[in-house]
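The lines below spell out each chain.
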Amino acid sequence: MAECVGVDSSTSAHTMDKSIILPPDEIFRNLENAKRFAIDIGGSLTKLAYYSTVQHKVAKVRSFDHTAKEAHSDKLYEISVQEEVTARLHFIKFENTYIETCLDFIKDHLVNTETKVIKATGGGAHKFKDLIEKKLGLKVDKEDEMTCLIKGCNFVLRNIPHEAFVYTKHADSEFRFQTTHPDIFPYLLVNIGSGVSIVKRFDELLQLASKGQHTSVDMLVKDIYGGSYGSLGLTGDLIASSFGKSATADKEFPKEDMAKSLLHMISNDIGQLACLYAKLHNLSRVYFGGFFIRGHPVTMHTITYSINYFTKGEVQALFLRHEGYLGAIGAFLKGAEEDNPNQYRWVENYAGSSGLMSVSPDMNPMQRARSGTFDMLEMDRLERQLVKLPLLQDPSSYIPDTVDLTEDALAREYWLFCFEDALDGVVQRAVASQPDLPEAPERAEKFRQKYRHKLQTLRHQPFAYGSLTVRSLLDTREHCLNEFNFPDPYSKIKQRENDLALKYYLKAVKALEKLEWEDRQLALVSGVLAGNVFDWGAKAVSDVLESDPEFGFEEAKRQLEERPWLVDCYDQWFERLKGPPHRCALFFVDNSGVDIILGVIPFVRELLSRGTEVVLASNSGPALNDVTNGELQILTERIAAMDPVIQSGLRDERLMLVQSGSSSPCLDLSRLDKVLATLVRERKTDLVIIEGMGRAIHTNYYAMLSCESLKMAVIKNSWLADRLGGKLFSVVFKYEVPAGKPSQDCSASIPL
């Protein structure tokens, strides 16, 4: 579609604005390590993509050799912070007005790149070819625009779980994000660029349209028939003729109403064309993108209405958080084919991404001002392949998170307040984890400012990074901590608690062995639950642990509510234990210290004694005081030296320690380390145990598995406990058997 742009005397769409300031640590980040470039230049926006290597700090643990010179140390292991290099993709979007300034900036900050060619796509690639080659000294290699868009769409759908959303006007949450199906195909991609702009500035048209009433300009069915036309199924509010009233009335119509009518006409035409193509190819998913969309509620509502009307709900109109980057991503992937970037999984770095920002005129002015400036998306490469858990009953319907905070305003306000309230404590622990680094307080303050800004953004735009959940708030905090080189703020706390808990391990095991079998089973479950109290991510607990260092395992047991618990399936679990042993249990563990050593390991020990193989899945990287795979390896080796049951389990490979692929306090069962998933399949796992609030309450409470499962947690948040009808330290013990297998009834429903 041809573009007809009018320019008044006060603005110039092609003036190169030299006055903008481009701080390298905010927009073109890590440019000195950039390796490869791609650019997508449309009629209005430029999208730049580049690859860089990022050097950041990681926390490592190393076991002391207690038989050698290091035997004088009382500590189980030492902690070191090392430098590690990882890959990152950067995508920046800005108006063409700034292209020359941005190219100058890149030229001035680019250091020793081996890149000789820049991949380019979009209608403006030819127009700005000479400028790019002159400024950057790189040869422009043009790629087909449609091919790049499709490659980019495939990439974001595969790597960003909450990339796509449906728009529902007037709903509690207008943006409803969809969990990406394992198989993203088939779909139709409709790209609507800035060629539809027919007034001075397209944003002005949309702003006018948002204030207008199309019914004063359009002729409706009821204007012709006096009401609905029932025999044809036409309601009275349907448009019979766009601009119909303006063609028959000799008067001036408000420009807002004319703009609204024009927007409806174009969107309905686009919707009908999309429906015809979808029906022709038997497709049920249509993704819309391009400058015409850009998160404008009026546009998305009109297209959604049109699609629903013409297909009677059989085709779904979907929009993309990162639709503006598809061409640049595709062009980059074309240029990087020799490195095969699709062999890796990539994850959005919330610390360096600006998120989806609506430009609705009704939005907060602070947010609306960002339209037309710069947007960023950063994605970090994962060195592990992530796949779904083979035991998910229906992977296509699996949703990790229990509550979507974009739809629950009361819960959203509470959790945003909760995370901001906890910020001072996180900063203090971050500084304390690096006592020998004098610049740590300054970095910690930068972390505070960045994370607080993210929380403020999410108050106004809860959909900025997809579905807002407790998990996403936790992950955003971890990303921001890593951004300022605090890879493991709880490392010294974990070290101290691990050392202390180990001293009581044999005493705890011997006490359990003295119990009768029936009493021991309840004691083992109570031990896991008591251990789970030791969670530094829960403010109610961290306040106790900081004020009372003597608070221990027995004190935690006394804090637990008495049976019957808030969710109590223990009797059903106990009856199951009277039957044959499970073949293999997969146990997703939670915290370091008392939790893993005095709670989980004795429970695992009992399973091994029954003849059940056990796979212990722990975090690949640090998060709060959760035990990592590296720490668990050292802890288990030390326990094995004291306990022949654990020793024989490790020796005979009946006890296996595997990393989960996660660095989060929560758990997404659709993104697990491939090695873990393979082991689960090979060992014919028939029991999954998930422990802790983050993994079993905030996520996976409703997860349906094809085998038996246990979900155990202690509610360590007063607000959440009250909402669930319990109290602080209420217990959730949920035992589930898949449909079709014999089981006793267990009422395990709580109003999450």
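Counting of residues starts from 1 at the beginning of each chain's written sequence and follows it residue by residue. For this predicted model, a pLDDT threshold of at least 70 governs which residues receive local features, and a threshold of 80 or more governs which side-chain atom pairs are given and counted, while totals over whole chains, interfaces and linings are taken from all residues. In computing side-chain values, all of the structure's heavy atoms are included and hydrogens and water are not.

Under an unreviewed UniProt entry, the name given to the chain is 4'-phosphopantetheine phosphatase, and the source organism is Neogobius melanostomus. UniProt positions are given in the numbering used here, feature names are shortened, and annotations may be inferred rather than shown by experiment. You can read under Subunit (unreviewed entry) in the UniProt record for the chain the words "Homodimer. Interacts with PKM."

J.: What exactly am I supposed to notice about the packing of aromatic side chains here?
T.: Each aromatic ring pair is specified by the distance between its two centres and by the angle formed by the two planes. Between 30 and 60 degrees the pair is tilted, below 30 it is stacked and above 60 it is edge-to-face, where a pair is any two Phe, Tyr or Trp rings, Trp via its six-membered ring, whose centres lie within 6.5 Å. Going through the model one piece at a time under the given rule, you end up with 29 aromatic pairs. On the basis of an interplanar angle of 55 degrees and a centroid distance of 6.5 Å, the ring pair of Phe 155 and Trp 346 is categorised as tilted. In this pair, Phe 155 sits in helix α4 (residues 145-159) while Trp 346 sits in strand β13 (residues 345-348), placing the two residues 191 residues apart along the sequence. Each member of the pair Phe 155 and Trp 346 is classed as buried. Put simply, the rings of Phe 165, Tyr 167, Phe 175, Phe 177, Phe 288, Phe 319 and Phe 463 touch in pairs and so form one group of aromatic residues. The criterion is that NZ of a Lys, or CZ of an Arg, lies within 6 Å of the ring centre and within 35 degrees of the ring normal, and then a charge sits over that ring. Positioned above the aromatic ring of Tyr 344 is the side chain of Arg 381, whose terminal nitrogen or guanidinium carbon lies 4.1 Å from the ring centre. Put simply, DSSP marks the helices as runs of H or I at least four residues long and the strands as runs of E at least two long, and each gets a number from the N terminus on. The buried label applies to any residue whose accessible area, calculated with a 1.4 Å probe on protein chains only, is under 20% of its type's maximum; exposed applies above 50%, and partly exposed to all values in between.

J.: Looking at this model, I keep getting lost on the pattern of salt bridges. Mind explaining?
T.: Two side chains with opposite charge may pair up if their charged atoms get near one another. Basic side-chain nitrogens of Lys or Arg form a salt bridge, by our definition, when they fall within 4 Å of a carboxyl oxygen of Asp or Glu. All chains considered together, the criterion is met by 47 salt bridges. Taking the shortest distance from any N to any O, the salt bridge between Arg 29 and Glu 483 comes out at 2.5 Å. Placement of the pair is Arg 29 in the segment before β1 (34-41) and Glu 483 in helix α15 (residues 470-483), with a sequence separation of 454 residues. Judged by relative accessible area, which is 9%, Arg 29 ranks as buried. Looking at Glu 483, the relative accessible area reads 21%, which means it is partly exposed. Between Asp 380 and Arg 88 there is a salt bridge, with the nearest N and O atoms lying 2.5 Å from each other. With a gap of 292 residues between them, Asp 380 in strand β14 (residues 374-382) and Arg 88 in strand β3 (residues 77-95) connect regions that are remote in the sequence. Both residues of the pair, Asp 380 and Arg 88, belong to the buried class. When salt bridges that share partners are traced, they join Arg 29, Arg 88, Glu 378, Asp 380 and Glu 483 into one network.

J.: Even after reading the chapter, I still don't get the side chain of Thr 636, so can you show me in this structure?
T.: Within the secondary structure layout, Thr 636 lies in helix α23 (residues 629-642). Separated by 2.7 Å, the side chain of Thr 636 and the backbone oxygen of Leu 632 make a polar contact. Contact definition: two residues touch when any of their heavy atoms are within 4.5 Å. Among residues more than four places away in sequence, those in contact with Thr 636 are Ile 646, Leu 650, Leu 655 and Leu 657. Polar contact criterion, stated in full: a pair of N or O atoms within 3.5 Å, where within protein one must be able to donate a hydrogen and the other to accept it, and residues adjacent in sequence count only if both atoms are side-chain atoms.

J.: Before we go on, may I ask you to explain α15 in this structure?
T.: Note that an α-helix has 3.6 residues per turn; residues three or four places apart therefore point the same way. With 14 residues, α15 extends 20 Å from end C-alpha to end C-alpha; this agrees with the ideal 20 Å at 1.5 Å per step. The element α15 is extensively covered by neighbouring structure, given that twelve of its 14 residues are classed as buried. For α15, the set of buried residues is Val 470, Arg 471, Ser 472, Leu 473, Leu 474, Asp 475, Thr 476, Arg 477, Glu 478, His 479, Cys 480 and Leu 481. Here the expected span of a helix is defined as 1.5 Å times the quantity of residues minus one.

J.: Which parts of the structure should I look at to understand a nonpolar patch on the surface?
T.: Like charges within 9 Å and nonpolar side chains (Val, Leu, Ile, Met, Phe, Trp, Tyr) within 5 Å are joined into patches, using only residues over 30% in relative accessible area that form no salt bridge. Reported accessibility uses the Shrake-Rupley method at a 1.4 Å probe radius. Residues are deemed covered only where the shown protein chains occlude them. Taken together, the side chains of Leu 273, Leu 276, Tyr 277 and Leu 280 define a hydrophobic patch exposed on the protein surface, amounting to about 460 Å² of accessible area. In this fold, Leu 276 is placed in helix α8 (residues 255-280).

J.: I tried to follow the sheet that holds strand β12 (residues 316-320) on my own but got confused; where do I start?
T.: By way of backbone hydrogen bonds, the strands of a sheet pair with one another, either parallel or antiparallel. For two strands to be treated as a pair, DSSP must find at least two bridges joining them. An order of β7-β6-β12-β11-β8 is seen for the five strands of this open sheet, with the pairing classed as mixed. Every interior strand has two partners, whereas the edge strands, β7 (175-177) and β8 (188-191), have only one. Strand-to-strand twist in this sheet, taken as the mean axis angle between neighbours without regard to direction, amounts to 40 degrees. In this structure, β8 lies alongside strand β11 (residues 285-289), joined through four bridges in parallel fashion. When the sheet's bridge partners are listed, Leu 189 is paired in β11 with Tyr 287. For helices, the axis comes from a line fit to the C-alpha atoms of the stretch in contact; other axes are also lines fit to C-alpha atoms, and the angle between any two N-to-C directions lies between 0 and 180 degrees. Sheet contacts for α4: β6 (164-167), β8, β11 and β12; angle to β8, the most-contacted strand, approximately 120 degrees.

J.: Is there a simple way to think about the pairing of β1 in this case?
T.: Each regular strand displays side chains that alternate between the two surfaces of the sheet. Counted residue by residue, β1 has seven buried out of eight residues, so it is predominantly covered. As defined by bridge partners, β1 adjoins strand β2 (residues 45-63) across seven bridges and the pair is classed as antiparallel. Bridge pairing in β2 places Phe 37 opposite Tyr 50. Note that β1 and strand β4 (residues 117-121) share four bridges and pair parallel. Of the residues in β4, the one forming a bridge with Ile 39 is Ala 120.

J.: Just to check I follow, could you spell out the sheet that holds strand β17 (residues 584-588) for this structure?
T.: With respect to topology, seven strands assemble into an open sheet ordered β16-β23-β22-β21-β17-β18-β19, the strand pairing being mixed. The two strands at the open ends of the sheet, each matched to only one other strand, are β16 (567-568) and β19 (655-659). Two elements, β16 and strand β23 (residues 730-736), share two bridges in a ladder whose sense is parallel. Looking at β23, one finds that Asp 568 is bridged to Phe 733.

J.: Can you walk me through unusual backbone geometry in this structure?
T.: With glycine set apart, most residues show a phi of negative sign, and most peptide bonds adopt trans. Cis geometry is adopted by the peptide bond preceding Pro 186, which originates at Phe 185 and carries an omega value of -5 degrees. When you line up the elements, Pro 186 lands in the loop between β7 and β8. Note that the residue after Arg 563, namely Pro 564, is joined by a cis bond; omega there is 0 degrees. Mapped onto the elements, Pro 564 comes out in the loop between α20 (553-559) and β16. Although it is not a glycine, Asn 485 adopts a positive phi angle of roughly 60 degrees. Assignment of secondary structure puts Asn 485 in the loop between α15 and α16 (491-502). Positive phi values are uncommon outside glycine, yet Glu 653 reaches one of about 55 degrees. Here Glu 653 shows up in the loop between α24 (644-651) and β19.

J.: Would you mind going over helix α22 (residues 594-610) with me for this structure?
T.: The terminal C-alpha atoms of α22 lie 24 Å apart, and with 17 residues this matches the ideal 24 Å at 1.5 Å per residue to within 8%. α22 sits mainly inside the fold: 16 of its 17 residues count as buried.

J.: Would you mind going over the nonpolar core with me for this structure?
T.: Across soluble globular proteins, nonpolar side chains show a tendency to be buried alongside one another. Core analysis: the largest hydrophobic core is formed by 61 residues, its most contacted members being Val 533, Trp 573, Phe 587, Ile 597, Phe 603, Leu 616 and Phe 733. Take this core: its biggest share by element is ten residues, from α22. Those residues in contact with Phe 587, other than ones at most four positions away along the chain, are Val 600, Phe 603, Val 604, Val 615, Leu 616, Ala 617, Ile 689, Glu 691 and Met 712. Buried residues of nine kinds, namely Ala, Val, Leu, Ile, Met, Phe, Trp, Tyr and Cys, make up a nonpolar core once their side-chain atoms join them within 4.5 Å. Core analysis: the second largest hydrophobic core is formed by 45 residues, Tyr 414, Leu 416, Phe 419 and Val 470 among them.

J.: Please clarify how the packing of helix α1 (residues 99-109) against helix α3 (residues 129-136) should be interpreted in this entry.
T.: In a packed pair of helices, the relevant descriptors are the angle between the two axes and the axis-to-axis distance. Where α1 meets α3, the axes come as close as 9 Å, and the angle between the chain directions of the two elements is 25 degrees. Comparing their axes, α3 and α1 come out roughly parallel. Handedness of the α1/α3 crossing: right-handed. Taken together, the residues of α3 that come into contact with α1 (itself represented by Ile 99, Glu 100, Leu 103, Asp 104, Ile 106 and Lys 107) are Leu 131, Ile 132, Lys 135 and Leu 136. Residue polarity is assigned by list, with Asp, Glu, Lys and Arg as charged and Ala, Val, Leu, Ile, Met, Phe, Trp, Tyr, Cys and Pro as nonpolar; anything else, Gly included, falls into the polar class. Tallied by class, the residues present in the contact of α1 with α3 amount to six nonpolar, no polar and four charged. Roughly parallel means an angle under 35 degrees; roughly antiparallel, over 145; roughly perpendicular, 65 to 115; everything else is oblique. Helix crossings get a hand from a simple test, with the near helix turned counterclockwise from the far one by less than a right angle marking a left-handed crossing and a clockwise turn marking a right-handed one.

J.: I tried to follow the environment of Leu 657 on my own but got confused; where do I start?
T.: Topologically, Leu 657 is positioned in strand β19. We classify Leu 657 as buried; its relative accessible area is 16%. Beyond its immediate stretch of four places on either side in the chain, Leu 657 contacts Leu 616, Asn 629, Leu 632, Gln 633 and Thr 636.

J.: Is there a simple way to explain the packing of α16 against α22 in this structure?
T.: The interhelical angle for the contact between α16 and α22, taken along N-to-C directions, is 35 degrees, at an axis separation of 8 Å. Here α16 contributes Asn 498, Ala 501 and Leu 502 to the contact with α22, which in turn contributes Val 594, Ile 596, Ile 597 and Leu 598. Considering only residue class, the contact of α16 with α22 consists of six nonpolar, one polar and no charged.

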